[in-house]
Amino acid sequence: MQERLMQERLMQGGSMQTDTMQAGTTPRHILVVGGAGYIGSHMVKRLARAGYLPVILDNLTQGRRSAVLSGHLIVGEMADRAALETIFQAFPIAAVMHFASHIEVGESLAAPGKYYENNIGNTIGLLNAMVRHKVLRLIFSSSAAIFGNPVYIPIDEYHPAAPINPYGYSKLVVEQMLADFERAYGLRAICLRYFNAAGADPEGELGECHDPETHLIPLILQAASGRRPALTIYGSDYETPDGTCVRDYVHVQDLCDAHLLALQALLAGAGSARYNLGNGNGYSIVDVIKTAEQLCGHGIAQRQAPRRAGDPAILIADSTLAKKQLHWTPRFGDIATIVKHAWQWEQNHFSAAAMPAPVLPAENDKQDDKQRTTLADTLAANDDLAKDR
Ligand SMILES: NC(=O)c1ccc[n+]([C@@H]2O[C@H](COP(=O)([O-])OP(=O)(O)OC[C@H]3O[C@@H](n4cnc5c(N)ncnc54)[C@H](O)[C@@H]3O)[C@@H](O)[C@H]2O)c1
């Protein structure tokens, strides 16, 4: 019986290694800032399945209301003091997961102020509110971009941090701020440096949907399905085996597992830590295109363009520390599985029946999001609130 339950969980994308909340345990509220975005929305689903009560704060600049499948969604700004006061007073938050940031390397070079303001400035507002309310556990979405051009591969936690773009700097500054907040207030933080987050919910309910999209796998699949005329390859003259950039793709579900393990560690009293999260395998753009072509059974149109500023040639993670200390075991490390789940999402979510071309899904969803919910509306209309407190 126990074995069947375990198998069912695994097939549903669950994990026995992380689903350790026992029957009878008091459920814990977790504030997920940026929980309507790509990775955050998968995390919300994962938290709910593991028995936690997600409270989501997202301003929906990139996120979508429809991506929040569980919990209490509050549409608002991470730095809005009044909103944070209300949330921390209304819910007994046990820990915070912080996914909210601007995420495009290229845009960060063109508009650095936008990145420093949101990724650093607004994070300070969140941290101050956590300190005011004595919520002193945080999991922060950091990035391989803090390392810049690697001086050795694979990149472990001892590798020097030398970002080559404002996006990477913004993540590094937050990591440094967190060390100061720990010294001053005892705020314990686990920084998870994702390499290339990719793939989609194995059950097909969620996936990647940025607007504009800049990530390789969704771009390849948009070209494969005809939603984009061709994939643009930026630079074929890097010092890599086929001249295109090499990256370490890590499945979004595996990232969620790492967050759950980090959360459990913090709840059990673990100290602050920083972990690099990847599979330790590098795939070039050409490798990923070939994998996608095999999967969808036809060629994918491509065009060449010059290199983009701010792109290192190779990024590959050494995740030994996360495996050793968090007992993290990626379950979907194979690039074919990562692309398969993303393709499943592309086909189901953006098929002609689901979403007639050429309307962009993010724009469509944003129509709904215009009917924004105020914090007061959310709390007033929340039937579950009294029950949960
Ligand atoms: N996607 C990747 O490959 C990758 C790699 C490394 C690190 N990361 C980090 O992971 C996190 C999540 O990435 P993602 O791909 O899911 O991005 P995303 O853009 O899909 O999600 C971010 C969410 O945060 C929200 N948000 C942004 N600023 C906000 C603010 N001031 N107040 C409230 N909500 C705000 C957005 O509306 C969005 O829903 C980011 O911090 C990103 O830097 C992502």
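Here the structure is a predicted model, which means the values were calculated and not measured. (Residues numbered from 1 in each chain as written. Predicted model: local features only at pLDDT ≥ 70, side-chain atom pairs only at ≥ 80, totals over all residues.)

Draft legend 1. The overall build of the chain, seen in detail. Looking only at helices and strands, one finds 14 helices and 14 strands in the chain. Partitioning the contacts of the chain with sequence separation of at least 6, the portion at a separation of at least 24 is 78%. (Helix = DSSP H or I, 4+ residues; strand = E, 2+ residues; numbered from the N terminus. Contact = placed C-beta atoms within 7 Å.)

Draft legend 2. Region of the structure containing the site of the ligand. Every one of the 27 residues lining the ligand counts as a neighbour, but G34, G37, Y38, G63 and A197 are closest to it. Elements with a minimum of two residues in the shell around the ligand: α2 (38-49), β2 (53-58), α5 (112-132), β5 (137-143) and β7 (196-198). Of the residues forming the shell around the ligand, the biggest block, three residues, is contributed by α2. For the shell around the ligand, the residue count by class is 11 nonpolar, 14 polar and two charged. (Near = placed C-beta within 6 Å. Nonpolar A, V, L, I, M, F, W, Y, C, P; charged D, E, K, R; others polar.)

Draft legend 3. Representation of the nonpolar core. Counting 108 residues, the largest nonpolar core has V32, V33, I220, L277 and V288 as its most contacted members. The element that contributes the greatest number of residues to this core is helix α8 (residues 252-267), accounting for nine residues. Ignoring anything within four residues of it in the chain, the contact list for V32 reads G40, M43, V44, P54, V55, I56, M97 and F99. (Core = buried A, V, L, I, M, F, W, Y, C linked by C-beta atoms within 7 Å. Buried ≥ 20, exposed ≤ 12 C-beta atoms within 10 Å, placed from the backbone.)

Draft legend 4. Up close: unusual backbone geometry. Of note, the bond from I153 into P154 is cis; its omega dihedral lies within 30 degrees of zero at -5 degrees. The residue after D211, namely P212, is reached through a cis peptide bond having omega 5 degrees. Here P212 shows up in the loop between β7 and α7 (216-225). We note that L60 has phi near 60 degrees; this positive angle belongs to a residue other than glycine. Relative to the elements of secondary structure, L60 occurs in the loop between β2 and β3 (72-75). Of note, the phi angle at H327 is positive, near 60 degrees, even though the residue is not glycine. Here H327 shows up in the loop between α10 (320-326) and α11 (335-350).

Draft legend 5. Representation of the confidence of the model for the chain within the structure. With 83% of its residues at a pLDDT of 70 or more, the chain has an overall mean of 87. In the model, residues 1-20 has pLDDT below 50 throughout and makes 22 contacts with residues more than four positions away in sequence or in other chains. Below pLDDT 50 for its whole length, residues 355-389 participates in 38 contacts with residues either more than four positions away or in separate chains. (pLDDT = per-residue confidence, 0-100.)

Draft legend 6. Inspection of the sheet that holds strand β12 (residues 283-284) at higher detail. Judged by pairing direction, the sheet is mixed, and its three strands sit side by side in the order β12-β9-β14 without closing on themselves. The open sheet has two free edges, formed respectively by β12 and β14 (314-315), since each of these has just one partner strand. One ladder, built from two bridges, connects strand β9 (residues 246-247) with β14; its direction is parallel. From the neighbouring strand, V246 faces β14, where its bridge partner is I314. (Pairing = 2+ DSSP bridges.)

Draft legend 7. Representation of the environment of E182 within the structure. Along the chain, the position of E182 falls in helix α6 (residues 166-185). On the basis of neighbour counts, which here come to 16 C-beta atoms within 10 Å, the residue E182 falls in the partly exposed class. Sequence-wise, E182 and G271 are 89 residues apart; in three dimensions their C-alpha atoms are separated by 9.5 Å.

Draft legend 8. Here's a closer look at the packing of α5 against α6. As a packed pair, α5 and α6 sit with axes 9 Å apart at the nearest point and diverge in direction by 20 degrees. Between α5 and α6, the crossing angle belongs to the class labelled roughly parallel. At the point where α5 passes α6, the crossing takes the right-handed sense. Contacts between α5 and α6 involve P112, Y115, Y116, N119, I120, T123, L127 and V131 on the former and, on the latter, P166, Y167, S170, K171, V173, V174, F181 and Y185. Looking at the contact of α5 with α6 residue by residue, the classes come out as 12 nonpolar, three polar and one charged. (Axes fitted to C-alpha atoms, helices over the stretch in contact; angles between N-to-C directions. Parallel < 35°, antiparallel > 145°, perpendicular 65-115°, else oblique. Left-handed = near helix turned anticlockwise from the far one by under 90°.)

Draft legend 9. The arrangement of the pairing of strand β1 (residues 29-33) in detail. Of all the five residues making up β1, five are buried; the element is thus mostly covered by neighbouring parts of the structure. Residue alternation in β1 divides its side chains into two sets, H29, L31 and V33 and I30 and V32, and both sets are buried. As paired elements, β1 and β2 share five bridges and run parallel to each other. Note that in β2 the partner of H29 across the bridge is L53. Taken together, β1, α2 and β2 form a β-α-β motif whose crossover is right-handed. As paired elements, β1 and strand β4 (residues 93-98) share five bridges and run parallel to each other. Paired with V32 across the two strands is M97, which belongs to β4. (Right-handed = clockwise from strand over helix to strand, strands pointing away.)

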